[in-house]
Amino acid sequence: MAHCCFRDPGALRIFKPSRLRLGDQLRRRRVGVRASSGNFPSMAAETGPRKEPGRVQIYPDKTPEISSYWRDKYEKDARKYWDIFYKRNENRFFKDRHYLDKEWGKYFTSMDIDAGPAIADFGSVSVQHRRYVLEVGCGTGNTVFPLTAQYPDLFVYACDFSPRAVDLVKVAHEDFTESRVKAFVCDATSDSLVMTISPASVDVVTLVFMLSAVGPEKMPAVVRNVKSVLKPGGHILLRDYAVGDLAQERFMTKDQMISENFYVRGDGTRAYYFSEEGLKKLFADEGFECKEMVVHNRQLENRARKIKMDRRWIQSVFYLPEERSQTAGIEPQVARVSAPQKSPKISEPGYVTSYAESASACPRNGGAHEATETLVSKDPDEEELIVDLSEGCGAELFGGAPSPEPLKVVVGKYTVHAMCLRNENQHTYAATGFMLWESALALASLLAVNPSFLRGKTILEVGCGSIGLCSLIASLAAEKVFATDGDSGTLDLLRENLHLNKESFGVQKIAQHKLEWGHAQETAALKASNGNRGFDLIIGSDVTYVRAAVPLLFETARSLLREPSPGAQEPQFLLCHRIRGVAQSDILSAAAARGFRIEGLWTSDGFVAGEVEKRQRSNIELLFKEGLEDIATKHNSLQLLLLTPSR
């Protein structure tokens, strides 16, 4: 059994970040392996673009979109990523949205916007005259509580699909009271709102930077769900990201695109950037009329850093008409458009603001009015006085390279403490050795419950990564362990992580070495450090996902594995991976061409095709008496491949 969790950054005081030179390490985007002088027919021609003469890159080239595997994973685990976000930031990240009164105040008062006053006396509020608001994607209440404070006659339904966010609304905010706010967990893409709210009972729905977190294929379901509880004549107030925003432009320079205008952030949360036409069509298809739409342009200039940042968001009001027979021929109310202010205005110390505000009816030609604002900062520390980082993806705008975070990994009865990057950073940082992958967890858990497989052996781990998880587990039973990786920055972080675990594992048995597959000098130096003897066992997890590197991996492993000898246990090469990027047939043919035979092949899905495959699976099951069932339960489509040298 293995699992891991990120902890409070202050928990591991022993770690000294200054020793890592992480700024330099995390700017390293690629790492290569030297090309083999040999020839491998099925793969030799597909070495990919070469960064240096005689080298092939082992990290795949950028692609316009992320893989289907990660696209599906981000969709399936969307709730989990937002829960992690709120666990890390609690109610400290987002700012209270006090601009709502200025932008949309008329929709929150006890008045029918289209029909006139609903009540004449606002001195006392009765349940009969109370207005009901639904905030979808309430987060920690940054829209809810400014509204309840400003408008005493409002009752707010607040929902979010993150249970942690809803708990923060109820517990962490002193203004929460059940007489004014009902907070509940709801996935608006699939959970029916009418299970909690009466149909056609809500006056106003707010969608503030919520819809962009939903996959575009599920947005119509959200609009239909909201429509089911909105009164005829009710309004949806929306504010969200617009196409052309700086954050979108930065996403476009990285391989973070899920689909057109839809991107994944470094923490696994997602963001969609709306066009005016697309947003209008989304609501029109569900029977809504667009009353107002404006695209805001805000430029923040930091003179100290000599940079300009263009932010764009879209703000709209959608109206659910009453019965068509009652409203036919009646045009939606047109709001006044204020004239642009031509002279600069000082809005905050150190900032010069010039702007044009508009609150306009939706133009019939499909466009939208724009409001432009320029902000000039004299003090870089004052940027967030003006820019709401919560609505501007602050991490994308002002954050630097991703930083390793404390991690606790539980493998059976053992606990490993480490610093590493979150897996989601694979789309912003290519050196995957800084992250912990599922195959390493699975292989480590298998080794932990089968110490006899390791006992007394000299073991080499290829592609050990910055944690060296399998090397740490192997150190508990092996005679000697060599942890290798092709990236120097990864090895620097590995050195720190080994230091963190020196009291609990046989770290003194672990030797670190840089090893680029196919590099003759590094291969010879590694073998010399082992007394020019070959290794009894080589292990590797998730090291077979780049086509050009697979032949070099097997060539290097074969040269480092000791030769079989009569009466001695055969040397072995054990791999754990999920098939991705390289077909299983290509992996097996590459291994055979480099001097290996297949001793065992096992998949966590349990698929067995013929007699040969059954025998190979049986060999794995005989070798590992424990742990396979746990892997099959917790991991889908993982494969164990056991190889021995051909005779």
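For the structure itself, consult the block above.
Residues numbered from 1 in each chain as written. Predicted model: local features only at pLDDT ≥ 70, side-chain atom pairs only at ≥ 80, totals over all residues. Heavy atoms only, no water.

1. What about the sheet that holds strand E13 (residues 270-272)?
With antiparallel pairing, three strands are arranged side by side in an open sheet as E11-E12-E13. The open sheet terminates on both sides in strands that have one partner only, identified here as strand E11 (257-259) and E13. On average, each strand axis in the sheet is tilted by 30° relative to the strand beside it, whichever way the strands run. (Pairing = 2+ DSSP bridges. Helix = DSSP H or I, 4+ residues; strand = E, 2+ residues; numbered from the N terminus. Axes fitted to C-alpha atoms, helices over the stretch in contact; angles between N-to-C directions.)

2. What about empty space enclosed by the protein?
Throughout the structure, instances matching the rule amount to two cavities of 30 Å³ or more. As a volume, the second largest cavity reaches approximately 30 Å³. Looking at the second largest cavity, the residues that line it are Tyr74, Ala78, Trp82, Ala213, Gly268, Thr269 and Arg270. Within the lining of the second largest cavity, the residues separate by chemical class into four nonpolar, two polar and one charged. (1 Å grid on protein atoms, 1.4 Å probe; cavity = no way out; pocket = protein on both sides within 12 Å on 5 of 7 lines; lining within 4 Å. Points joined across faces, edges and corners; volume = space filled by probe spheres on them. Nonpolar A, V, L, I, M, F, W, Y, C, P; charged D, E, K, R; others polar.)

3. Some remarks on helix H19 (residues 611-623)
With 13 residues, H19 should reach 18 Å at 1.5 Å per residue; the first-to-last C-alpha distance of 18 Å fits that figure. Residues Gln616, Arg617 and Ile620 constitute the buried set of H19. Considered in projection along H19, the buried side chains sweep an arc of 95° and stay on one side of the axis. For H19, the exposed residues lying more than 90 degrees away from the buried face are Glu611, Arg615 and Leu622. Buried residues along H19 sit against strand E26 (596-603), helix H20 (628-634) and strand E27 (638-645). (Expected span 1.5 Å × (residues − 1). Buried < 20%, exposed > 50% of the residue type's maximum accessible area, 1.4 Å probe, protein only. Arc of directions from axis to C-beta. Contact = heavy atoms within 4.5 Å.)

4. A closer look at the pairing of strand E25 (residues 572-578)
Counting buried positions along E25 yields seven of seven residues, so the element is predominantly enclosed. Neither face of E25 is left uncovered, since the one carrying Gln572, Leu574, Cys576 and Arg578 and the one carrying Phe573, Leu575 and His577 both have all their residues buried. By the bridge criterion, five bridges tie strand E24 (residues 537-541) to E25 in an arrangement that is parallel. Paired with Ser541 across the two strands is Cys576, which belongs to E25. Since E24 and E25 lie parallel, the crossover through helix H17 (residues 550-560) that links them has a hand, and here it is right-handed. The sheet contact formed by E25 and E27 spans six bridges and is antiparallel. The residue bridging Cys576 from the neighbouring strand is Leu640, located in E27. (Right-handed = clockwise from strand over helix to strand, strands pointing away.)

5. Considerations on the sheet that holds strand E21 (residues 458-462)
Taken together, the seven strands give an open sheet; going across it, the order is E23-E22-E21-E24-E25-E27-E26, and neighbouring strands pair in mixed fashion. For this open sheet the edge positions go to strand E23 (510-514) and E26, each flanked by a neighbour on one side alone. For this sheet the average axis-to-axis angle between neighbouring strands, irrespective of direction, equals 20°. Sheet contacts for helix H18 (residues 584-593): E25, E26 and E27; angle to E26, the most-contacted strand, approximately 150°.

6. Brief notes about the pattern of salt bridges
Summed over the entire model, instances satisfying the criterion amount to 22 salt bridges. When the shortest N-O distance is used, the salt bridge between Arg578 and Glu438 registers 2.8 Å. One end of the pair, Arg578, is in strand E25; the other, Glu438, is in helix H13 (residues 438-448), and 140 residues separate them in sequence. With a shortest N-O distance of 2.8 Å, Glu516 and Lys514 are connected by a salt bridge. Overall, Glu516 belongs to the buried group, its relative accessible area being 4%. You can call Lys514 partly exposed: its relative accessible area is 29%. Overlapping salt bridges, with partners in common, bring together Lys73, Asp77 and Lys80 in one network. (Salt bridge = Lys/Arg side-chain N within 4 Å of Asp/Glu carboxyl O.)

7. Section: the packing of helix H16 (residues 520-529) against H17
Their axes nearest at 10 Å, the elements H16 and H17 cross at an angle of 30°. Considering their axes alone, H16 and H17 lie roughly parallel with respect to each other. Crossing handedness for the pair H16 and H17: right-handed. Residue-level inspection shows Thr523, Leu526 and Lys527 of H16 in contact with H17, the latter providing Thr556, Ser559 and Leu560. Residue composition of the contact of H16 with H17, by class: two nonpolar, three polar and one charged. (Parallel < 35°, antiparallel > 145°, perpendicular 65-115°, else oblique. Left-handed = near helix turned anticlockwise from the far one by under 90°.)

8. Observations concerning the packing of aromatic side chains
Following the criterion strictly, the structure yields 20 aromatic pairs and no others. Between Phe283 and Phe288 the ring centres are 5.8 Å apart and the planes differ by 85°, which places this aromatic pair in the edge-to-face class. The same class applies to Phe283 as to Phe288, namely buried. Taken together, a centroid distance of 6.0 Å and an interplanar angle of 70° make the contact between Phe554 and Phe573 edge-to-face. Taken together, the residues Phe554 in helix H17 and Phe573 in strand E25 connect sequence positions 19 residues apart. Since its relative accessible area comes to 0%, Phe554 is described here as buried. What links up through ring pairs into an aromatic cluster is the set Trp70, Tyr74, Tyr81 and Trp437. Above the plane of the ring of Tyr81 lies Lys80, whose end atom (NZ or CZ) is 5.1 Å from the centre. Positioned over the ring face of Tyr319 is Lys291, at 5.7 Å from the centre of the ring. (Phe/Tyr/Trp six-rings, centres within 6.5 Å; stacked < 30°, edge-to-face > 60°. Lys NZ or Arg CZ within 6 Å of the ring centre and 35° of its normal.)

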